[in-house]
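Reading the structure
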Amino acid sequence: MLAYTEKIRETASRLLKENKVDVFIGYKKGTVPMMNEPVLISDPEKADILYWDSNCGLNLCNYLTKRTDRIGILANGCNSRNIVTHIIENQIKRDQLYIVGIPCTGMIDRRAVMRAVNNKEILDVKEDGDQFTVKGKDFEETFDTKNFLQSNCASCSHRNPVEYDEMIAEPVEEQTGVEPYKDVEEIEQMSSEEKHDFFVRMISKCIRCYACRNVCPLCYCPTCFVDESKPQWVGKSTDTIDTMTFHFLRAYHCAGRCTDCGACERACPMDIPVRQFTKKLNKDVQELFSWEAGLSLDQRPPLDVYRPDDYNDFIR
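Definitions and limits used
- Residues numbered from 1 in each chain as written.
- Predicted model: local features only at pLDDT ≥ 70, side-chain atom pairs only at ≥ 80, totals over all residues.
- Heavy atoms only, no water.
- 1 Å grid on protein atoms, 1.4 Å probe; cavity = no way out; pocket = protein on both sides within 12 Å on 5 of 7 lines; lining within 4 Å.
- Points joined across faces, edges and corners; volume = space filled by probe spheres on them.
- Helix = DSSP H or I, 4+ residues; strand = E, 2+ residues; numbered from the N terminus.
- Nonpolar A, V, L, I, M, F, W, Y, C, P; charged D, E, K, R; others polar.
- Domains from an automatic or database assignment.
- Contact = heavy atoms within 4.5 Å.
- Buried area = accessible area lost by both parts, 1.4 Å probe.
- Buried < 20%, exposed > 50% of the residue type's maximum accessible area, 1.4 Å probe, protein only.
- Lys, Arg positive; Asp, Glu negative; His and termini not counted.
- Salt bridge = Lys/Arg side-chain N within 4 Å of Asp/Glu carboxyl O.
- Polar contact = N/O pair within 3.5 Å; in protein donor to acceptor, adjacent residues only side chain to side chain.

1. Concerning empty space enclosed by the protein
Taken as a whole and assessed by the stated rule, the structure comprises 3 cavities of 30 Å³ or more. As a volume, the largest cavity reaches approximately 120 Å³. Elements represented by at least two residues in the lining of the largest cavity include exactly helix H9 (263-267) and helix H10 (275-289). Classifying every residue of the lining of the largest cavity by side-chain character gives 8 nonpolar, 4 polar and 3 charged. The space that makes up the second largest cavity amounts to roughly 90 Å³. Only helix H7 (211-215) and helix H8 (240-253) provide two or more residues apiece to the lining of the second largest cavity.

2. A look at the domain arrangement of the protein
We note that the domain assignment places domain 1 (4-109 + 149-304) and domain 2 (110-148) within the protein. The partner domain 2 presents 16 residues to the 17 residues of domain 1 that form the contact. Contact between domain 1 and domain 2 buries roughly 1300 Å² in total, counting both sides, with carbon and sulfur atoms accounting for 53%. For the domain 1 face of the interface with domain 2, the top three residues by lost area are Met-34, Asp-109 and Leu-149, together amounting to 43%.

3. Description of the side chain of Arg-208
By the secondary structure assignment, Arg-208 is in the loop between helix H6 (192-202) and H7. The buried charged residue Arg-208 lacks any salt bridge, with Asp-242 as its nearest oppositely charged partner at 4.9 Å. At 2.8 Å, the side chain of Arg-208 and the backbone oxygen of Gly-235 are in polar contact. At 2.4 Å, the side chain of Arg-208 forms a polar contact with the backbone oxygen of Ser-237. Not counting residues up to four positions away in its chain, the partners in contact with Arg-208 are Val-234, Gly-235, Lys-236, Ser-237, Thr-238, Asp-242, Thr-243 and Phe-246.

4. A few points about the layout of surface pockets
Approximately 680 Å³ is the volume attributed to the largest pocket. As for the largest pocket, its lining consists of 34 residues, and the residues nearest its centre are Arg-111, Gln-150, Gly-262, Glu-265 and Arg-266. Put simply, the parts of the chain that give the lining of the largest pocket at least two residues each are helix H3 (110-116), helix H4 (151-154), helix H5 (182-188), H7, H9 and H10. Here the residues of the lining of the largest pocket sort into 11 nonpolar, 11 polar and 12 charged. Counting only domains with at least three residues in the lining of the largest pocket, you end up with domain 1 (4-109 + 149-304) and domain 2 (110-148).

Next up, the structure:
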């Protein structure tokens, strides 16, 4: 995917020079290896800072909400589906956007790489085809990218953008035969007590930093429920009940909207698999309503509409 960088720079520079957009949103190389950063540029001469490789895991749609200018934005499968959701939810207008589509073969799980090198400090990373090499002060190791993909990328079935104005490259082959909900099904087989214990253990390390909320492109409420004081919906402590309430309520707010971009897990400083909450809801919405978020501008999410002929078999 590194080969796309020059094409991205050329495209962004052209769009800005031709006055088709006021700002272009993409990625730049991070100051820390394997942690590239979102960047907004309005000067075509600065297009050279744009960058793309398998470490561009943060969702760019956080920078779209309620903007009024004309925006060029880089969009892989995840980003494009969230763009569609933002348009449907009236956070941005389609005619404001010039979407530059980019095929994606998955993002590298930085923490998995860190574990593979025994948590030694990585000073440099270079990609070469289907492999990447990490270097440190006293080591250099090469890995196969496919073995170190983020879990959401390993099971992704929408690697190509669903909405775009032009493509950087030809679409890549979509993955088939993946089982995105295998882990959810295992949890579903647990008893109520086992499920409770599972989630208590899972969130036991949570420090309530809200990184998962802050990085989520769906969390654009002016005031989050956890920040309300009149009334106060949930306590501010790291008490298990308060922490569990935060994670479950945030997940329910994402029901029928989450594209499983993985930004929440990537941002979590405690390495908590917070996608376990939203994946269950994604599975339910797909089974009950045959719905996946962000695939079409012509259809509203199932939890956003009411029809007299809606079936209510799931109500107990």
